[in-house]
Amino acid sequence: MSFNSLFNSATRLPSIPKIIEELIESLDDPNADIDKISAKIAQEPVLTTKLLRVANSAHYGLPRQVSSVQDAAIIMGFPAVRTLVMASGMVDSLEMPAALNKRSFWINAFEVAGCAKWLCKFQKELDANTAFTAGLIHSVGQLLMYSAEPAKANEVQAKVANGQERLAAELEIFGFNNCEAGSELAKRWKFPDVINTGLRFQNNPKKATPASVTAALIYLAKHVIDMLKDHPSKDEILTSLPSEIKDNPPVDLNAMVSALDAVDDFSGGIGLLLD
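Residues numbered from 1 in each chain as written. Predicted model: local features only at pLDDT ≥ 70, side-chain atom pairs only at ≥ 80, totals over all residues. Heavy atoms only, no water.

### As for the overall build of the protein chain
Now for step 1: For the protein chain, the helix and strand inventory stands at 17 helices and zero strands.
Now for step 2: Over its C-alpha atoms the protein chain spans a radius of gyration of 18 Å, differing by no more than 12% from the 19 Å that the globule rule assigns to 275 residues.
Now for step 3: Dimensions of the protein chain, computed from the C-alpha atoms along their principal axes, are close to 50 × 50 × 35 Å.
Now for step 4: Going through the 275 residues of the protein chain one by one, you find that 52% of them count as buried.
Now for step 5: Partitioning the contacts of the protein chain with sequence separation of at least 6, the portion at a separation of at least 24 is 65%.
Now for step 6: When the accessible surface of the protein chain is totalled, it reaches about 13,000 Å², and 48% of it is carbon and sulfur.
Now for step 7: In the protein chain, which carries 26 positive and 33 negative side-chain charges, the distance between the mean positions of the two groups comes to 3 Å. (Helix = DSSP H or I, 4+ residues; strand = E, 2+ residues; numbered from the N terminus. Rg over C-alpha atoms; globule rule 2.2 N^0.38 Å. Buried < 20%, exposed > 50% of the residue type's maximum accessible area, 1.4 Å probe, protein only. Contact = heavy atoms within 4.5 Å. Areas by Shrake-Rupley, 256 points an atom, 1.4 Å probe, with all protein chains shown as cover. Lys, Arg positive; Asp, Glu negative; His and termini not counted. Charge placed at Lys NZ, Arg CZ, Asp CG, Glu CD.)

### Focus on the pattern of salt bridges
Two side chains of opposite charge can pair, provided their charged atoms sit close to one another.
Now for step 1: A complete count under the given rule lists nine salt bridges for this structure.
Now for step 2: A salt bridge links D247 to K206, with the shortest nitrogen-to-oxygen separation between them at 3.0 Å. In this pair, D247 sits in the loop between α16 (243–246) and α17 (253–259) while K206 sits in the loop between α13 (193–200) and α14 (213–228), placing the two residues 41 residues apart along the sequence.
Now for step 3: A relative accessible area of 52% means that K206 is categorised as exposed. (Salt bridge = Lys/Arg side-chain N within 4 Å of Asp/Glu carboxyl O.)

### Observations concerning helix α10 (residues 150–161)
A turn of α-helix holds 3.6 residues, and therefore any two residues three or four places apart point the same way.
Now for step 1: Under the 1.5 Å per step criterion, the end-to-end length of α10 is 16 Å for twelve residues, consistent within 8% with the ideal 16 Å.
Now for step 2: Three or more residues of α10 are buried, namely K152, A153 and V156. The buried residues of α10 occupy an angular sector of 105° when the element is viewed end-on, so they sit on one face. More than 90 degrees from the buried face of α10, the exposed residues found are A151 and A161.
Now for step 3: For α10, the secondary structure elements touched by its buried residues are α9 (140–148) and α11 (166–173).
Now for step 4: G163 occupies a position one or two residues after α10 and carries a positive phi of about 105°. (Expected span 1.5 Å × (residues − 1). Arc of directions from axis to C-beta.)

### Brief notes about the side chain of N177
Now for step 1: Inspection of the secondary structure puts N177 in the loop between α11 and α12 (178–188).
Now for step 2: Judged by its relative accessible area of 15%, N177 falls in the buried class.
Now for step 3: Only 2.9 Å separates the side chain of N177 from the backbone nitrogen of C179, close enough to count as a polar contact.
Now for step 4: With near-sequence residues (within four places) excluded, N177 lies in contact with M145, L167 and E170. (Polar contact = N/O pair within 3.5 Å; in protein donor to acceptor, adjacent residues only side chain to side chain.)

### Some remarks on the environment of Q202
Now for step 1: The residue Q202 is located in the loop between α13 and α14 in this model.
Now for step 2: For Q202, a relative accessible area of 1% puts it in the buried group.
Now for step 3: Beyond its immediate chain neighbours, meaning those up to four positions away, Q202 contacts H138, C179, A215, I218, Y219 and K222.
Now for step 4: A polar side-chain atom of Q202 sits 3.0 Å from the main-chain carbonyl oxygen of L199.

### Description of the packing of aromatic side chains
Now for step 1: The final tally for this structure, using the stated rule, is nine aromatic pairs.
Now for step 2: For the pair Y146 and F174, a centre-to-centre distance of 6.1 Å together with 20° between the ring planes defines the contact as stacked. Within this pair, whereas Y146 is found in helix α9, its partner F174 is found in the loop between α11 and α12, the two being separated by 28 residues in sequence. As far as burial versus exposure is concerned, Y146 and F174 are alike and both buried.
Now for step 3: Joined through ring pairs, the aromatic side chains of F3, F7, Y146, F174 and F176 make up one cluster.
Now for step 4: The side chain of K117 reaches across the aromatic face of F132, ending 5.8 Å from its centre. (Phe/Tyr/Trp six-rings, centres within 6.5 Å; stacked < 30°, edge-to-face > 60°. Lys NZ or Arg CZ within 6 Å of the ring centre and 35° of its normal.)

### Let's talk about the nonpolar core
Now for step 1: W106 and M256 are the most contacted members of the largest nonpolar core, which totals 90 residues.
Now for step 2: For this core, the leading source of residues is helix α7 (residues 102–119), giving ten residues.
Now for step 3: Not counting residues up to four positions away in its chain, the partners in contact with W106 are M90, V91, L94, M96, L136, L143 and L274. (Core = buried A, V, L, I, M, F, W, Y, C linked by side-chain atoms within 4.5 Å.)

### Notes on the side chain of N178
Now for step 1: Mapped onto the elements of the fold, N178 is located in helix α12.
Now for step 2: Under the relative-accessibility criterion, N178 is labelled buried at 4%.
Now for step 3: Here N178 is in contact with H138, S139, G141, Q142, M145, R166, L167 and E170, once residues within four sequence places are set aside.

Here it is in structure tokens:
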């Protein structure tokens, strides 16, 4: 299946709930009616229940219990509510191919999203909510590709299990990779261009023209998540950083490494959405 044929069939493209589409549109709209959107979220009982469960979890440590979407928007801020609802809506609505493990896939998405958002603390004028959203859907291209071609997905998984890099395996088997597919899917879902470009160049931010700080943040977030599995020292983390990051760092790398000890869980309690 070619890249174009993957997207030419409208019935094959994953669909997302209408409320999620509206939340996506609000990402690029500074005049979005927050009260109206919050009211629409409140009309979705499953999304509301999950939102309140995560908001009231120990991770957020809110000063009091929140009992409604509007209450959550006031206490947490609408951007935080939006990201939680988007995450919940996608977990519930997007089909998981047989080749992938649902929990592992989404936990990784939450970790990368949380780390990308956290990284924004170490550089002024970065949009933490955009970084989170891009991180959340950084691997969404896999869902489309692997659902459309299960046999090819199994071939990719076998090559990855044998040590081949995933993007190289996808390019060999499919003729394109999940970053390209995810970027095109995000474009069709009407995500802002800053996110679409970030997804496309997340594994080679140097190739983005003009430069994409979103791509660099996702790239760095994925590297940090992978590195922390081996409990490295601060020097080991700095030494291991790829040239794409060292040559044009999106954040203050020394400040980032110094703050890593205080991080307990990059997924930020959002894993509760999977329960």
